[in-house]
Amino acid sequence: LLPLLGHDTQQAAITQQFVAALGKLMDPHGEGVGGLASAVIRARRANLRLTRSHASFDAIRSALNDVCIRRRLGEGEEWPELEAALDLLASICDGPAVAELELAALGKGGMLIRLRRLDRAFMMCDAATDPEMYERLARAIESRGLPLSQESRERLAEALGTRSVERRVTRLIAAVMDKDAG
């Protein structure tokens, strides 16, 4: 049916894998999360970037919403499988898609899961404040050797401030010092 709706065969198979895995999210043995991890890896290898306008998005959001309707979360309730599922899906989604999937999964509840995910994101951002790591990240963003989309480069450059006057002056001073040392 999915190929008739505009999906190619590979995309239809990946979408079906996502939907099936999300349907098993409440499995006590973790089959849903394992299947979802497999689907995410398959999607990454196929260079699938899930956006709200992507042909698979509505089916994935619907499947996530359906399973979450069966088990509504309270503010401080645990559901490690759902938390892991949201993290896995976030690795192939753009920002607006992540927000919409999180809303479909958590509604107005799930504050514990939201805060844990936000805390992990903060810790990743905090790691970039180490001067050596910051410099390595900034050089990687500026490098054309990494297969990073232009959209991601722009977002990361803005977030890390790699276009600031301070960054340019620091690079200029470092270049002069390297020249003098060599």
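The preceding data block contains the structure.
Draft legend 1. The packing of aromatic side chains, seen in detail. Summed over the entire model, instances satisfying the criterion amount to 0 aromatic pairs. Residue placement shows Arg71 over the ring face of Trp79; its charged tip is 4.5 Å from the ring centre.

Draft legend 2. Geometry of the state of the cysteines. Counted under the stated rule, the structure contains 0 disulfides. This cysteine, Cys68, is not joined by any disulfide, and Cys93 carries the nearest cysteine sulfur, 14 Å off. The thiol of Cys125 is unpaired, and the distance to the nearest cysteine sulfur, on Cys93, comes to 18 Å. Owing to a relative accessible area of 54%, Cys125 belongs among the exposed residues under this scheme.

Draft legend 3. Just the nonpolar core, in detail. Phe18, Leu64 and Leu82 are the most contacted members of the largest nonpolar core, which has 31 residues in total. Looking at this core, the elements with two or more residues in it are helix 1 (9-23), helix 2 (31-45), helix 3 (57-70), helix 4 (80-90) and helix 5 (95-106). Among the elements that line this core, the one with the most residues is helix 3, at 6 residues. Look past the residues within four positions of Leu82 in its chain and what remains in contact with it is Leu25, Leu64, Cys68, Leu73, Ala105, Leu106 and Ile113.

Conventions and cut-offs
- Residues numbered from 1 in each chain as written.
- Predicted model: local features only at pLDDT ≥ 70, side-chain atom pairs only at ≥ 80, totals over all residues.
- Heavy atoms only, no water.
- Phe/Tyr/Trp six-rings, centres within 6.5 Å; stacked < 30°, edge-to-face > 60°.
- Lys NZ or Arg CZ within 6 Å of the ring centre and 35° of its normal.
- Disulfide = S-S within 2.5 Å.
- Buried < 20%, exposed > 50% of the residue type's maximum accessible area, 1.4 Å probe, protein only.
- Core = buried A, V, L, I, M, F, W, Y, C linked by side-chain atoms within 4.5 Å.
- Helix = DSSP H or I, 4+ residues; strand = E, 2+ residues; numbered from the N terminus.
- Contact = heavy atoms within 4.5 Å.

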